Amino acid sequence: MSIPHGAGAPEPNGSQPMVQARNVHKYFGRHHVLRGIDLTVPKGHVHVIIGPSGSGKSTILRCLNHLEKIQQGEIAIDGEPMGYRMVHGKPREDTGKNIARMRSEVGMVFQRFNLFPHMTALSNIIEAPIRVRGMSKSAAIDRAMKLLDHVGMREKAHAFPSQLSGGQQQRIAIARALAMEPKVMLFDEATSALDPELVGDVLNVMRQLALDGMTMVVVTHEMGFAKDVGDHVVFMDEGVIVEEGPPSRIFEQPAHERTRAFLRSVLRTQ
Amino acid sequence: MLIDGAKITLELTVLAQVMGVLLGIIAALCKTSKVLPLRILAELYIWLFRGTPVLVQLLIWWAMLPQTPEFSVALIALGLNEGAYMSEIVRAGLEAVDKGQTEAAQSLGMRYRQIMSRIVLPQAMRVIIPPTGNEFISMLKTTSLASVISMDELLQRSQNIYECTGCDGANAILPLLAVAALYYLALSTVFTFIQGYIESQLGDRRAEELGWFRAVIRKGRLLFIS
């Protein structure tokens, strides 16, 4: 069932986009992995990035919260440059303090969950609000329990990650990211490491998040999700954006042969 | 008499090992730091103190600090030496922690100090503890070197007894050394059991979840009561 959403292509409106990447280039050694990527994600929009492995889609996502450094181009979150400051007209690596501050506004969900194994689900969620935001433990626990409710994991609050299934862990990971009340959520193949029967629960949480108005950038292979929830689909291949547009157009009338070939290969397995 | 020597030996072992662990953690963090001068300093320290024999280091410190009591000199020498070796153990522990842990913590806005102390080091302990147990048992025996600077520990006392003038020294050498060796063996054996116990607790999933340290304390208390 298709969830009604906005027109699809990001319209230029008065307010600034939540995520803006301009002409981003990145090298891993000599490998030119990002070749001039432009992204504009307006507030409240869900951008889905699809593409074959090695296309650079995870890399550009990781550049958005400066887990990877860029060699050229600009990235801004809610108008603020991410990871660097302009000093005398030249970009200079930002301080650890500023980078951490900006990162706390950008939530990230990883393919391998990356929950802290030596802490319970609840402890995982309250750790950052207490240590980074200086929240009181009781307030943090309050918020954590609400988030656990939201992702349907309340009864597992005191479980350790090793006692939970992949889908449960990922939902806890989403709650952990949400605990910092980020402006935008990044999903790096959040369901790729899950057994198929667990994928649905996580996608439902992501869908609800989108309905609640969260700005999201999602790297995924789940085309159904992209069609249902995405406002804008970006197809990447070999470090460039081959084409982008509303899901209805990309999936039904792809303009480029590479897009068609990719969709054929993916939809064959779904 | 000898038992007091054993006590002092034990004291030196514990203090020198603790010093070694602390220095090792600092050196490992420096060695993996982004700050170049810290990295260089750490490399220099490790190179110097791993590259020279402990005995030589002990004698050098003793010669440099004539006014300082022997126990302190031995502590400095053994502690510094141990720190160099511990740094490699700690570094291996840090590298054993999945990089995703650091990335998750970073993406939540945590900073280096918090990430290290709350996320990485606790997980690194699992890899650091077993070899540290070995280092401790090794340290127990290394303290016997302090006898060469006349420190009043177990071996020195044994030597004093059979070297004393007017005593029937020559016949007493072997028995005394045998007793000293037995003391070392007894202490080593006790610690080997303790180490084995701690390691089994580390392997136990329940213990990891309770926090290995709390689990050991809890079991220890039970043993004590029963």
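A brief report on the enclosed structure follows. Since the structure is predicted, the reported quantities are computational estimates derived from the model, not experimental observations.

1. Things to note about a nonpolar patch on the surface
Residue and element names in this part refer to chain B.
Line of reasoning, step 1. There is a patch of nonpolar side chains on the surface, built from L55, L59, W62 and V148 and spanning about 310 Å² of accessible area.
Line of reasoning, step 2. With respect to the helices and strands, L59 occurs in helix 3 (residues 54-64).
Line of reasoning, step 3. Overall, L59 belongs to the partly exposed group, its relative accessible area being 35%.

2. What about the interface of chain B and chain A?
Line of reasoning, step 1. Counting residues at the interface gives 19 residues for chain B and 27 residues for chain A.
Line of reasoning, step 2. Here chain B and chain A share an interface that buries about 2100 Å² over both sides, 56% of which is from carbon and sulfur atoms.
Line of reasoning, step 3. Summed over the shared surface of chain B and chain A, the number is 2 salt bridges.
Line of reasoning, step 4. Measuring nitrogen to oxygen at the nearest pair gives 2.8 Å for the salt bridge that ties R62 of chain A to E103 of chain B.
Line of reasoning, step 5. Run the count over chain B and chain A and you get 6 residue pairs in polar contact (both at pLDDT 80 or more).
Line of reasoning, step 6. For the side of chain B that touches chain A, the secondary structure elements donating two or more residues are helix 5 (99-107), helix 6 (112-142) and helix 9 (205-210) of chain B.
Line of reasoning, step 7. For the side of chain B that touches chain A, the element with the highest residue contribution is helix 5 of chain B, accounting for 7 residues.
Line of reasoning, step 8. Tallied by class, residues from the side of chain B that touches chain A come to 6 nonpolar, 7 polar and 6 charged.

3. Overview of the sheet that holds strand 3 (residues 46-50) of chain A
Residue and element names in this part refer to chain A.
Line of reasoning, step 1. What the 6 strands build is an open sheet, ordered 8-9-10-3-11-12; its pairing is mixed. The open sheet terminates on both sides in strands that have one partner only, identified here as strand 8 (106-109) and strand 12 (240-245). Here the average twist between neighbouring strands, direction ignored, is 15°.
Line of reasoning, step 2. Bridging between strand 3 and strand 11 (residues 232-237) involves 4 bridges; their strand directions are parallel. Note that in strand 11 the partner of H47 across the bridge is H232.

4. Structural notes on the packing of helix 3 (residues 121-131) of chain A against helix 4 (residues 137-150) of chain A
Residues and elements named next belong to chain A.
Line of reasoning, step 1. Closest axis-to-axis distance for the helix 3/helix 4 pair is 9 Å, and the angle between their directions is 130°. When the interaxial angle is binned, helix 3 and helix 4 end up oblique. Regarding helix 3 and helix 4, the two cross each other, and that crossing is right-handed. Across the interface between the two elements, L122, I125, I126, P129 and I130 of helix 3 pack against K137, A140, I141, A144, M145, L147 and L148 of helix 4.
Line of reasoning, step 2. A breakdown of the residues in the contact of helix 3 with helix 4 according to their chemical character gives 11 nonpolar, no polar and 1 charged.

5. Side note on the packing of aromatic side chains
All names here are of chain B.
Line of reasoning, step 1. A complete count under the given rule lists 3 aromatic pairs over all chains for this structure.
Line of reasoning, step 2. Taking 5.1 Å as the distance between ring centres and 50° as the angle between the ring planes, the aromatic pair formed by Y45 and F49 counts as tilted. In this pair, Y45 and F49 both sit in helix 2 (residues 36-51), 4 residues apart, roughly one turn of the helix.
Line of reasoning, step 3. Looking at Y45, the relative accessible area reads 15%, which means it is buried.
Line of reasoning, step 4. Looking at F49, the relative accessible area reads 14%, which means it is buried.

6. Re the packing of helix 3 of chain A against helix 5 (residues 166-178) of chain A
All names here are of chain A.
Line of reasoning, step 1. With their axes 8 Å apart at the nearest point, helix 3 and helix 5 run at an angle of 25° to one another. On the basis of their axis angle, the class for helix 3 and helix 5 is roughly parallel. Considering how the two elements wind past one another, helix 3 and helix 5 form a crossing that is right-handed. Of the residues in helix 5, those in contact with A121, N124 and I125 of helix 3 are I172, A175 and R176.
Line of reasoning, step 2. Residues of the contact of helix 3 with helix 5, tallied by class, amount to 4 nonpolar, 1 polar and 1 charged.

Rules and cut-offs
- Residues numbered from 1 in each chain as written.
- Chains lettered and ligands numbered in written order.
- Predicted model: local features only at pLDDT ≥ 70, side-chain atom pairs only at ≥ 80, totals over all residues.
- Heavy atoms only, no water.
- Patch = residues over 30% accessible without salt bridge, like charges linked within 9 Å, V, L, I, M, F, W, Y side chains within 5 Å.
- Areas by Shrake-Rupley, 256 points an atom, 1.4 Å probe, with all protein chains shown as cover.
- Salt bridge = Lys/Arg side-chain N within 4 Å of Asp/Glu carboxyl O.
- Helix = DSSP H or I, 4+ residues; strand = E, 2+ residues; numbered from the N terminus.
- Buried < 20%, exposed > 50% of the residue type's maximum accessible area, 1.4 Å probe, protein only.
- Contact = heavy atoms within 4.5 Å.
- Buried area = accessible area lost by both parts, 1.4 Å probe.
- Polar contact = N/O pair within 3.5 Å; in protein donor to acceptor, adjacent residues only side chain to side chain.
- Nonpolar A, V, L, I, M, F, W, Y, C, P; charged D, E, K, R; others polar.
- Pairing = 2+ DSSP bridges.
- Axes fitted to C-alpha atoms, helices over the stretch in contact; angles between N-to-C directions.
- Parallel < 35°, antiparallel > 145°, perpendicular 65-115°, else oblique.
- Left-handed = near helix turned anticlockwise from the far one by under 90°.
- Phe/Tyr/Trp six-rings, centres within 6.5 Å; stacked < 30°, edge-to-face > 60°.

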